[in-house]
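An overview of the molecular structure
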Amino acid sequence: MAQIKQVGIGRKSSGTIDGITYYVRGGVTYARSTPNMPASVYNTPEAKLRQAIFKMVQMHLKYHLRTIKQTFTPKGNGSPSNRYYSVNSKALSAALTPLAELYCAGQDVTITDVEQAISDYAAEHPTSIKIASKSGYQEVYLTGPWPETITLNARGGDSTVIIIVNENGQQTTINADGSVTVSGSNTNPTNPTNGSNTGGDDTGGGGDNGGGDGGGESGADQN
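Residues numbered from 1 in each chain as written. Predicted model: local features only at pLDDT ≥ 70, side-chain atom pairs only at ≥ 80, totals over all residues. Heavy atoms only, no water.

What follows is about the packing of aromatic side chains. Per the stated rule, a full pass over the model turns up two aromatic pairs. Measuring from ring centre to ring centre gives 6.4 Å for Y84 and W146, while their planes differ by 50°; the resulting arrangement is tilted. One end of the pair, Y84, is in helix α3 (residues 80-104); the other, W146, is in the loop between β6 (140-141) and β7 (149-153), with 62 residues separating them in the sequence. For W146, a relative accessible area of 14% puts it in the buried group. One aromatic cluster is present, formed by F72, Y84 and W146 through successive ring pairs. (Phe/Tyr/Trp six-rings, centres within 6.5 Å; stacked < 30°, edge-to-face > 60°. Helix = DSSP H or I, 4+ residues; strand = E, 2+ residues; numbered from the N terminus. Buried < 20%, exposed > 50% of the residue type's maximum accessible area, 1.4 Å probe, protein only.)

The next point concerns helix α4 (residues 111-124). Given a rise of 1.5 Å per residue, 14 residues ought to cover 20 Å, and the 20 Å separating the end C-alpha atoms of α4 matches this to within 8%. Each element contacted by the buried residues of α4 is listed here: α1 (45-63) and α3. (Expected span 1.5 Å × (residues − 1). Contact = heavy atoms within 4.5 Å.)

Pairing is possible between side chains that carry opposite charge, provided their charged atoms lie close to one another. For the coordinates displayed, the defined rule picks out one salt bridge. The shortest N-O distance in the salt bridge between E139 and K130 comes to 2.9 Å. By relative accessible area, which is 34% here, E139 ends up partly exposed. Take K130: its relative accessible area is 18%, and that puts it in the buried class. (Salt bridge = Lys/Arg side-chain N within 4 Å of Asp/Glu carboxyl O.)

Counting 36 residues, the largest nonpolar core has Y84, L96, V114, I118, I129 and W146 as its most contacted members. Among the secondary structure elements, those contributing two or more residues to this core are α1, α3, α4, β5 (130-132), β7 and β8 (160-164). Ranked by the residues each element gives to this core, the list is headed by α3, at eight residues. For V114, the contacting residues outside a window of four places in its chain are M56, M59, H60, L96, L99 and V109. (Core = buried A, V, L, I, M, F, W, Y, C linked by side-chain atoms within 4.5 Å.)

Written as structure tokens, this is what we have:
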């Protein structure tokens with residue numbers, strides 16, 4: 001491990017460049033070589049299960065991306081879907097594990113299967129998956145299938161934002177000031193391999209489902 005003192009690359013910086021990871025601790029920047037993990041690490045049954053869950057989470061996030069952008073306030077340099085995943089990662093993993101096991105056994109999985117697994121879990125655990133966590137508004141939980149309308153009620157006063165969800169067509173939002181916003185269509189992924197980011201927006205994922213298996217803390221951060 002090396003301590004960075006010079007002015008230039010690495011000073012007060014973090015990240016990985018050419019196999020060297022820079023990080024800041026106590027106001028001091030350090031550099032260390034990035035571990036080179038053998039390919040066999042990613043071929044264990046446990047790793048394959050994590051990869052399958054990660055892909056399905058990506059499908060779910062991409063499918064609801066336009067809604068999540070309006071119902072979640074990001075933290076720091078993250079994005080709304082990063083925030084969605086960070087608060088729901090454990091519940092999503094629990095909901096999708098049985099389906100991921102079937103996928104690892106060779107069964108095809110579609111977005112319909114993913115959404116059904118998540119809605120079934122939400123019905124049994126109605127306070128486990130948040131679908132709205134927007135600054136200034138009350139939180140909203142998933143209690144079954146993804147709702148057609150999400151109403152955000154202000155924590156103070158009677159201001160509301162009504163989002164009429166339509167993942168495959170036009171989505172209408174009635175804002176607190178009375179104005180109306182209409183957004184366009186969104187590509188609908190149909191199998192786990194479409195979990196990678198192909199739509200120009202971040203699709204979250206990561207944590208235990210990511211890491212060396214295909215994601216960072218919460219996937220590629222794009223706003």
